[in-house]
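# Chains, contacts and geometry: an overview
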Amino acid sequence: MNNLIKFLVFVMVFTMSLGLFTPVYAANVALNLGVDSKVDIFDSTYPIENQSSAELALSTAADLYFQYVAAGNFAVGQTISIVATTPLVIASCVAPTTDADQDGTPDGTGAVSGDNYTYTFYAPTTQAAASITLCINVDNSIATAGNYSFIMADDLGDFGGAFLYIGTPGGAANDVYVTATVTSQELEFWIRNAADTADTNACALGTLNTTSVSTCNYALKVRTTATIGYTISWTSDGELDRSGTATIDAIAMNTAVAVGVEGYGVTFTPGANTDGGTCTAQNIWTAAYDDPVSTTAQSLVVCNKANLPAATGATTYIHNMDHQAAIDPATPAGSYDQIVTYYVTAQF
């Protein structure tokens, strides 16, 4: 009689606590919460916040595992009953439970009658207060999605219950779709010396002569959380010239700067991304950029992933720029200069 009273009181509480009790967990099915392969139906002393839930697809049969901490050991002939809400159809699992206390020794057998599963012990259990685990199969061939309850009682006075959501996992009516937007994004840009040991804004070609090609180089580094990637573009104030009165002519596209031949060009080596993806140099070249003196912005390199190198001191994940110049005997003497400006845009 006392057990019956407890059971009825539980049903009343369980019915009023629709949003709290969700401890059922299914095996071998896709679960929205990604928890373990077993479900918990605990007795009334177990904290609700430790329970887990599961979702099954419509018209799919699946094994469910019910687990709870028993009040003590079971004797021969004692039972555990689980009742499923109609119209759920329950059956025995492919591998039905025969060792409820999981001590390695078979101790009982389960039987299904309608929506009721009863496990009867034919041997006493040995693991006092151990986790009792029972398996039943649910054939959820139902017309509508929703929450379906299971209630459990045993001969030791334990009772409990759980909900199983049947519908479309991930799109369930009892799911909460949590979203967030991050608007604070990071975009930083450095022009560094070739060794990436210091910032620089100078590239000195030195004194040009007819017997060698003069070079200067530096590195471009971008740090950004932009998941879609970023683009580096550049422009200049015009030719490498002597205050507008003489110029060192830019070489033709993909033509190397040669000793003894007046020419000015730039070679570029794209780096890599810390987050993978690719960085692709724009305007196909082999030895020199096609327009090192353009006064309109030109796309230099496009990277399709975020890039998060160390702020300083890193010698990887940088793009290398190499300016080259040569003269011939007819090149006018004087001081030549050019200003190159870089722009970085990111796609968040």
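Below, the structure is looked at part by part.

### Observations concerning the sheet that holds strand E16 (residues 263-269)
Taken together, four strands build an open sheet; the order of strands is E11-E12-E19-E16 and the sheet is antiparallel. Edge positions in the open sheet fall to strand E11 (187-193) and E16, since each of these has one partner strand only. Geometrically, the sheet is characterised by an average inter-axis angle of 20° between neighbouring strands, direction not taken into account. As paired elements, E11 and strand E12 (residues 214-224) share seven bridges and run antiparallel to each other. Residue pairing across strands places Arg192 opposite Ala219, the latter belonging to E12.

### Points about the state of the cysteines
Throughout the structure, instances matching the rule amount to three disulfides. Two residues share a disulfide in this structure: Cys279 and Cys303, whose sulfurs sit 2.0 Å from each other. Disulfide Cys279-Cys303: the torsion about the S-S bond is 115°, which places it as right-handed. Separated by 24 residues along the polypeptide, Cys279 in strand E17 (residues 279-281) and Cys303 in strand E18 (residues 298-303) bring together distant segments of the chain. Classification of Cys303 as buried rests on a relative accessible area of 2%. Cysteine pairing in the protein chain follows 1-2, 3-4, 5-6, where each cysteine in a disulfide is numbered by its order in the sequence.

### A word on the pattern of salt bridges
In total, this model carries five salt bridges according to the counting rule given. Glu186 is the partner of Arg223 in a salt bridge, and the nearest nitrogen-oxygen pair spans 2.9 Å. Of this pair, Arg223 sits in strand E12 while Glu186 is found in the loop between strand E10 (159-167) and E11, placing the two residues 37 residues apart along the sequence. The shortest N-O distance in the salt bridge between Arg192 and Asp196 comes to 2.6 Å. Overall, the relative accessible area of 1% leaves Asp196 in the buried class. Each member of the salt-bridge network shares a partner with another, and the members are Arg192, Asp196, Asp199 and Lys221.

### Here we look at the nonpolar core
The biggest cluster of nonpolar side chains holds 25 residues, and the ones touching the most others in it are Ile232, Tyr264, Leu300, Met321 and Tyr342. Mapped by element, the contributors of at least two residues to this core are E12, strand E13 (229-236), E16, E17, E18, strand E19 (319-326) and strand E20 (340-347). Per-element accounting of this core gives the leading share, four residues, to E12. Non-local contacts of Ile232, meaning those with residues more than four positions away in its chain, are made with Leu220, Val222, Gln298, Ser299, Leu300, Val301, His319, Tyr342, Tyr343 and Val344. Core analysis: the next-biggest nonpolar cluster, separate from the first, contains 23 residues, Leu64, Phe66, Ala100 and Leu164 among them.

### Observations concerning the sheet that holds E20
Across the sheet, which stays open at both edges, the four strands sit in the order E17-E18-E13-E20 with antiparallel pairing between neighbours. The sheet is open, and its two borders are formed by E17 and E20, each paired with just one other strand. Averaged over all adjacent pairs, the angle separating strand axes in this sheet is 20°, with direction ignored. The sheet contact formed by E13 and E20 spans eight bridges and is antiparallel. The partner of Thr235 across the bridge, within E20, is Thr341.

### What to know about unusual backbone geometry
Among all residues except glycine, the phi angle is most often negative; among peptide bonds, the trans geometry is most common. A positive phi angle, near 55°, is found at Gln102, a position not held by glycine. Here Gln102 lies in the loop between strand E5 (89-91) and strand E6 (108-113). A positive phi angle is found at Asp196, which is not glycine, with a value near 60°. By secondary structure assignment, the location of Asp196 is in the loop between E11 and E12.

### Let's talk about the pairing of strand E8 (residues 131-139)
Most of E8 is tucked away, with seven of its nine residues classed as buried. In terms of strand pairing, strand E3 (residues 61-69) meets E8 through nine bridges, oriented antiparallel. Following the sheet pairing, Leu64 is matched in E8 by Ile136. With three bridges joining them, E5 and E8 adopt antiparallel strand pairing. Residue pairing across strands places Ile90 opposite Val138, the latter belonging to E8.

About the criteria used
Residues numbered from 1 in each chain as written. Predicted model: local features only at pLDDT ≥ 70, side-chain atom pairs only at ≥ 80, totals over all residues. Heavy atoms only, no water. Pairing = 2+ DSSP bridges. Helix = DSSP H or I, 4+ residues; strand = E, 2+ residues; numbered from the N terminus. Axes fitted to C-alpha atoms, helices over the stretch in contact; angles between N-to-C directions. Disulfide = S-S within 2.5 Å. Buried < 20%, exposed > 50% of the residue type's maximum accessible area, 1.4 Å probe, protein only. Salt bridge = Lys/Arg side-chain N within 4 Å of Asp/Glu carboxyl O. Core = buried A, V, L, I, M, F, W, Y, C linked by side-chain atoms within 4.5 Å. Contact = heavy atoms within 4.5 Å.

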